[in-house]
Amino acid sequence: MLTMGIESSAHTFGVGIADNGKVLANEKLMYDVGSRGMIPSKVAETHVRNARTVVRMALEKAEVGIKEIGGVGYTKGPGIGACLQVGQLTAKTIANGLGVKIVPVNHAVAHVEITKHETKLRDPIALYVSGGNSQILKLTGEPFRHYQILGETFDVGVGNMLDAFAREIKLRPAWGSTVAKLAINGNYIEMPYTVKGMDFAFTGLLTYASSLAGKKNKEDLCYSIQETSFAMLCEATERALLLTNSDELEVCGGVAQSTRLQEMLRSVCKEHGMRFGVARNEYNADNGGMIAYVAERMLKSGKSEPLDRCDIQQRYRIDKAVVV
Ligand code: FE2
């Protein structure tokens with residue numbers, strides 16, 4: 001049975017097709033964030049315009065017809081309400097038209113699970129880092145199989161923090177990767193560092209670094225904010241690994257594409273003789289392939305929902321999602 005997965009939680013409208021754990025297609029079109037950032041209604045309008053095209057792109061890539069799709073999954077949350085709604089309605093329309101089962105998927109679970117699949121890790125601690133999220137996760141079976149949040153940001157996600165800083169110092173989009181490029185030639189300036197156990201906070205760092213805009217050179221500021229925030233993530237993650245006696249770590253989500261963060265986490269794992277894994281960039285960016293992959297597993301274990309109960313949830317936390 002082929003399963004189609006639809007992702008639309010933020011600026012990406014993605015459609016994936018999975019077949020027995022294999023992703024046959026992972027196609028997407030993105031809203032151009034430009035210099036204004038994301039305006040939810042504009043992003044949703046773009047998704048509406050792109051939905052049909054991306055579905056067709058995925059079918060062509062997988063070399064299958066729409067009638068061969070035997071189940072549909074979509075991102076229920078977390079994400080931007082207006083954007084999530086477009087994916088939800090597209091999925092419902094397709095499932096209803098084909099008369100096949102449909103299942104809502106948690107976006108964070110999809111990132112963690114596709115990374116586990118790609119890296120072949122068995123039971124890793126997961127560092128999930130994206131624009132809106134920064135969490136340290138572990139799979140547990142009590143009271144139901146789900147990802148327990150061992151630690152997380154007290155305020156903003158590390159990706160949004162780096163983007164906000166980039167806008168403060170008037171960098172061009174894509175902000176996070178522009179910070180990374182400038183950081184290569186920077187020198188370290190001491191900055192606020194906030195880790196409490198396995199939790200952390202970024203607002204103090206953002207405020208301080210922004211206050212130095214125009215007073216220090218951009219390369220030094222980019223290097224220092226990146227090194228400080230990533231070191232915070234590494235400290236909290238290392239603590240989680242040691243406290244849970246884990247010997248595997250995966251990093252996933254948009255910020256997991258950072259080669260500097262990967263390098264720092266890899267060195268933490270090396271020091272303790274632990275295994276480290278990260279998926280290909282196409283699965284760390286938002287994508288429909290990971291939704292198709294998880295939806296297929298959910299449908300196979302009987303986890304479908306009636307159409308009228310297929311909702312969206314902007315703050316759908318990972319610890320509320322059943323993992324099969
Ligand atoms: Fe994502």
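Predicted, not measured: the structure shown is a model, and the values here were computed from it. (Residues numbered from 1 in each chain as written. Predicted model: local features only at pLDDT ≥ 70, side-chain atom pairs only at ≥ 80, totals over all residues. Heavy atoms only, no water.)

(A) Inspection of the coordination of the iron ion at higher detail. Taken together, H107 (NE2), H111 (NE2) and D286 (OD) make up the full set of protein donors to the iron ion, lying 2.0 to 2.2 Å away. The sequence pattern describing where the donors of the iron ion fall on their chain is H-x3-H-x174-D. Of this pair, H107 sits in helix α3 (residues 107–119) while D286 sits in the loop between α9 (281–284) and α10 (288–300), and the two are 179 residues apart along the sequence. No difference in accessibility class separates H107 from D286, as the two residues are buried. (Donors = N, O, S within 2.8 Å, 3.2 Å for Na, K, Ca; no water. Helix = DSSP H or I, 4+ residues; strand = E, 2+ residues; numbered from the N terminus. Buried < 20%, exposed > 50% of the residue type's maximum accessible area, 1.4 Å probe, protein only.)

(B) Region of interest: the sheet that holds strand β7 (residues 134–140). Overall, mixed pairing links the 5 strands, which are arranged β8-β7-β6-β11-β12 in an open sheet. The two strands at the open ends of the sheet, each matched to only one other strand, are β8 (146–152) and β12 (275–278). Averaged over neighbouring strand pairs, the angle between their axes works out to 25° when direction is ignored. (Pairing = 2+ DSSP bridges. Axes fitted to C-alpha atoms, helices over the stretch in contact; angles between N-to-C directions.)

(C) Region of interest: the nonpolar core. If you look at the biggest cluster of nonpolar residues, it comprises 51 residues, and the most contacted ones within it are V158, F165, I225 and L233. Mapped onto this core, the elements with two or more residues apiece are β6 (125–129), α4 (158–168), α5 (175–183), α6 (203–211), α7 (218–243), β11 (248–252) and α8 (259–272). The leading source of residues in this core is α7, at 10 residues. Counting only domains with at least three residues in this core, you end up with domain 1 (2–110 + 283–320) and domain 2 (123–280). What I225 contacts, discounting residues up to four positions off in sequence, is M161, L162, F165, V179, M191, L205, L206 and A209. Core analysis: the second largest hydrophobic core is formed by 27 residues, V105, A108, L139 and L299 among them. (Core = buried A, V, L, I, M, F, W, Y, C linked by side-chain atoms within 4.5 Å. Domains from an automatic or database assignment. Contact = heavy atoms within 4.5 Å.)

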